[in-house]
Each structure stands twice: as structure tokens, then as C-alpha cells.
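Summary of the model geometry
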Amino acid sequence: MEGDLTLCFLCGKPSSDTCSYCLQVGYCSKYHLSKHRAQDRCLPFRVEVNQEKGRYVVATRDIAPLELVILDTPGSIGPKQFTKPVCLSCLSPVSGEFSCSSCNYPMCSQECAENVIHTQGECNIFPRFPDIKDYSTVQPQYECIAPLRLILNKNKDPLLWDMIKLHKDHTQDRIRINPQLVQEESYKITGLLLQFCNLSGAGFTEQDIIFSSSVLATHAVSVGENGRGFYPVFAFMSHSCTYNARHVIDESNCIRVYSQTQIKQGEEICITYTSLLSCTSHRQEKLRNLWFFSCTCARCSDPTELGTYISSVSCPSCPNNGYLVLEKDAWKCGECSLKVSESLVSSLLQSTRDIMGNSQNGIEKHEHFLNQTKQLLHPNNYQVLITERILSQLYGRGEDKVPREDLLRKIGLCKHLLSIIEILDPGFSQFRGLTLYQLFLGEYHLLFQDKLNLENILESERKVLRETLELCMRCLSVELESSTSGRVYTRAKGYLELINQTNEKS
């Protein structure tokens, strides 16, 4: 620990200053200290670096579930790379009824046109843009906004720019994977900013713009439906499919990272870059193509994915009804040891994926899919789980009196999902909270049908309902109030108050 105190917890530079509150980390500037002290507390993380992983985040002490770990503000926030016209301040879709009087970019109001994110950003740089002719199509000039806002920090906020430069931009990796995309991106963004906007005259270089575009492509996260943001501290976090933290973006566009499970001092704090309900080959392909590494976490290293078999399909010729698991580049049956090529399994999964429904389809469509694929997919296969998750939300939705068999089906689906979540998404996860709420609804309405009113439900039964709601609310307690998860939290709280009021009357 003595050696750690001589280095800045964020950038690793030599430091003679130590946080006087926790005495756990050194810092090289007040700016870096501000990333450690937030809301009158010391945030329990430190950035470390090694040759294999680059920079990554570890815990400076034991961290309890749902603790705030990182609070970060955006180094750049702007429209997504490929977007139809949006307001450059609030990122809402625009129709062209109002435009900034200076740069002529469409905005949603005068208030947004006067927002400092616009007036001190691109509006100072842009000449007057021509009118947009078609608001129904993607407009390439929006691709340059977020990179421009990022590189303006080079002059506006040098300390922030120094931290941005700590991140690997992966430009050469991106060229190797998709040279045409990078070439088109460079042509549009670099040409627009250096030539049309004359950024070269303000001291910016083509390398600055290429670096900023690549950093955003590699490290930016979605902000709302239409935005992307680069968060310089958050971007140090590594991926694992067995992650222990998750993030929420609040109303002020700050990003908050919360621990999802107990994290021990010195343990790496990880998030996931990929979807929970996806197979190993798809996750690995996405990680290689977008972030240029292969995951070696416990889930990816285990052909059964921690015993869940979430990628598995039925063995085509096994007399014991075995299932195939992916071992290196081939699928092998755990019962008869038959080996099947990866291309054949990929083809099967694509064919079943083609007949899957989505959230817009009704119950019949999804139940039909499960029946169609029952002999093809493992009961825990990710396509089955995605379908079951949709069904768990559809059963009972909008109905005054739900058939008993539908409620029992809803409860069974939720319990199956929770058994997988417990392994692959442990702790106080959003997925767990939302599924617990659906489980509560099924059990509540089933009891209500049997007992006719809440007062007739036994105290032991009400206790189970309360515990389900309380656990659901704890999982969703960090969610943004206006989000879907936040609204579920509010509804769960209302049900809990109703049950508690009933207890007081009983």
C-alpha cells in the first residue's frame, strides 16, 4: 500500500498528495481528486495498468452491493454516429421549424439554441450550414458533433484532454476490421471539420480528429435514444461476462456506476459490454469486432456457461437426448461425444432466430416458437430465455380477470428466468428486479382470485409478497425515476404500501 500512495490513483503519475479523508489513494491534481471525492464521500476505486489489459479499475476497499463506485461527467456528449436530425442540446428529434440563428443547425427551441453545450461547442466553430432538405433520413453532418466536442477539450480543458489521451483509440485495429468504415468516417468528419470549419487554423490536426472519432467508436456509451457520450473515468472499466457492477445515466447526463454484488478489496470492478442473453460465439464475435479482444472470463471459459447451457442446442443423433456445447471451434455432445461443426450450429441458431417473435407479437406467437424449437434448443438456450422473458411480461397484461392457468404459466416462467439470472446476472441486477416484479404480479393476482380480497390473504402469504417486492425494489433502487425500470420501482412501492396498510388493518 505504501507504494500505491506515491502514485495518482487515476493516471499513475508520481504524487506526493494523499486523500486526507480515506488515506487510500494518492492524487496528482485537484482535478483528479475530484474524481475520487463525490457527494462528500470517497469513491472506492483505483485505476491500475498492465501490459495485457491496459488500464482497468479495482476496488480500494471492500464494497457492499449497490454502493456508488464511480460518478463521472461526460468529456463529450452528442448525437449518435448515424442519426436523423436531432436537437444538438437535448438530442430530441427536430422537424426544421426552428434553427439556431448563428449556425443554422435545427434546434427544438431558443432555450436549446442558447445552451452552453451548443454555444461554446460547435456553434463557435461552424459557419452557417445550408438547410437540411430531408428530415426523414440520416444526415452525415451529425457524425462530427461528438468528435468535435471531444477535441475542443484540447484547448478548453487541457487536464481533461490529458485524461482522454490516456485511452487507447484502436484506430489501427478498426482499420484492420473495417477499413471502408474508417475511411468513410475520416472523409466525412475530417473533411468537414478541417476544411469546411477550418479547425486546422485553430491548431487542431487530422490526427486529433481521427483519435477522437476512434475513441468515441470504441468507448462511447448510448445516452437516451439518440445520443452517445464519452465518460473518461468510466471508459477505464473493463468487460467481463461475469461482471459485478452496472451503470445508470442520470438526468444531468452524469454516469453512475454501482456495485451489483459484494466486491472485495483489490478485486477488479467490471461491467458488461454485451447482452446477457446471448451465446458465447456471438459475444466473442462482438468483442473482437468492436473492442478487439477475446473474453476469458469464467462464463466464456466454461463450455456449459456455468452450468446454464445458454448457448446449447440438441444433439442431432444422441440416443440419450444430449446437448451440444462449444469446445474451441467445434460443438460436442456431453452424452455421446458427437462433434458438429460450428457452421452447422450457427446455421441452426440463425434459422430458429428467424422465426422468433419480438415484443410487438402476442402470446400465441411466442408459445408457438417454444413448441417449434422444443426438440432443437436446450430449455435454457438464450433464444428460449428471450422468448420466456417477453411471455412473462405479456401474461396478464391489460386483463381485468386473468385465467388461472395464465397466472401459473407467468409464475413458472419467472421462476425459470430467476434460476438463470441467479447464476449469470447475480446480485441486485436490473433484470432480476424486473423479473421479480412480474413474479409478484402473478402470485398476487393468483392469491387475490383465490381469496377474493387482500384481507383474506394469510399473513404468511402477504409476507412472501412483501419480500418479493422489497427485493425487487432494492434491485431497482438505483434506476432513473423516469425510466421503465424506475416506473416499475414506483409501482412496486405502491403495492408494498397497499399490503402494509392491509397488515395494519388486520
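Look up a bit, the structure's there.
The present account deals with the structure reproduced in this document.

Analysis parameters
- Residues numbered from 1 in each chain as written.
- Predicted model: local features only at pLDDT ≥ 70, side-chain atom pairs only at ≥ 80, totals over all residues.
- Heavy atoms only, no water.
- Core = buried A, V, L, I, M, F, W, Y, C linked by side-chain atoms within 4.5 Å.
- Buried < 20%, exposed > 50% of the residue type's maximum accessible area, 1.4 Å probe, protein only.
- Helix = DSSP H or I, 4+ residues; strand = E, 2+ residues; numbered from the N terminus.
- Contact = heavy atoms within 4.5 Å.
- Expected span 1.5 Å × (residues − 1).
- Arc of directions from axis to C-beta.
- Phe/Tyr/Trp six-rings, centres within 6.5 Å; stacked < 30°, edge-to-face > 60°.
- Lys NZ or Arg CZ within 6 Å of the ring centre and 35° of its normal.
- Pairing = 2+ DSSP bridges.
- Axes fitted to C-alpha atoms, helices over the stretch in contact; angles between N-to-C directions.

Comments concerning the nonpolar core
Counting 139 residues, the largest nonpolar core has Leu-10, Phe-45, Phe-126, Leu-193, Met-237 and Ile-269 as its most contacted members. Residue contributions to this core peak at ten residues, all from helix 16 (residues 430–451). Non-local contacts of Ile-269, meaning those with residues more than four positions away in its chain, are made with Pro-44, Phe-45, Val-57, Val-58, Ala-59, Ile-63, Val-69, Met-237, Asn-244, Ala-245 and Ile-263. By size, the runner-up hydrophobic cluster in this structure holds six residues, among which are Cys-241, Leu-287, Trp-291 and Cys-295.

A short note on helix 10 (residues 280–291)
End to end, helix 10 covers 16 Å across twelve residues, agreeing with the expected 16 Å (1.5 Å per residue, within 8%). Listed in full, the buried residues belonging to helix 10 are Thr-280, Ser-281, Arg-283, Gln-284, Leu-287 and Trp-291. One side of helix 10 carries all its buried residues, which in axial view fall inside an arc of 165°. Turning to helix 10, the residues buried within the fold contact helix 9 (206–219), strand 11 (238–239), helix 11 (298–301), strand 16 (323–327) and helix 12 (342–354). The positive-phi residue at the C-terminal boundary of helix 10 is Phe-292, with phi of around 65°.

Description of the packing of aromatic side chains
All chains considered together, the criterion is met by 14 aromatic pairs. Look at Tyr-444 and Tyr-495: their rings are 5.2 Å apart centre to centre, the planes differ by 65°, and that puts the pair in the edge-to-face class. Here Tyr-444, found in helix 16, pairs with Tyr-495, found in helix 18 (residues 484–505); they are 51 residues apart in sequence, far enough to count as distant. We classify Tyr-444 as buried; its relative accessible area is 7%. For Tyr-495, a relative accessible area of 22% puts it in the partly exposed group. Among the aromatic residues, ring-to-ring pairing joins Tyr-105, Phe-126, Phe-129, Tyr-142 and Phe-196 into one connected group. When the ring centre of Phe-431 is taken as reference, the NZ or CZ atom of Arg-389 above it lies at 3.8 Å. The ring centre of Phe-428 lies 6.0 Å from the NZ or CZ of Arg-432, which sits over that ring.

Here we look at the sheet that holds strand 12 (residues 245–249)
Strand order in the open sheet made by the three strands is 7-13-12, with antiparallel pairing throughout. Single-partner strands in this sheet number two, and they are strand 7 (68–72) and strand 12. Ignoring strand direction, the axes of neighbouring strands in this sheet form an average angle of 20°.

Comments concerning the environment of Arg-149
Secondary-structure assignment places Arg-149 in helix 4 (residues 145–151). Sequence separation between Arg-149 and Gly-75 is 74 residues; the distance between their C-alpha atoms is 8.0 Å. For Arg-149, the contacting residues outside a window of four places in its chain are Gly-75, Ser-76, Ile-77, Gly-78, Leu-88, Ile-117, His-118 and Glu-122.

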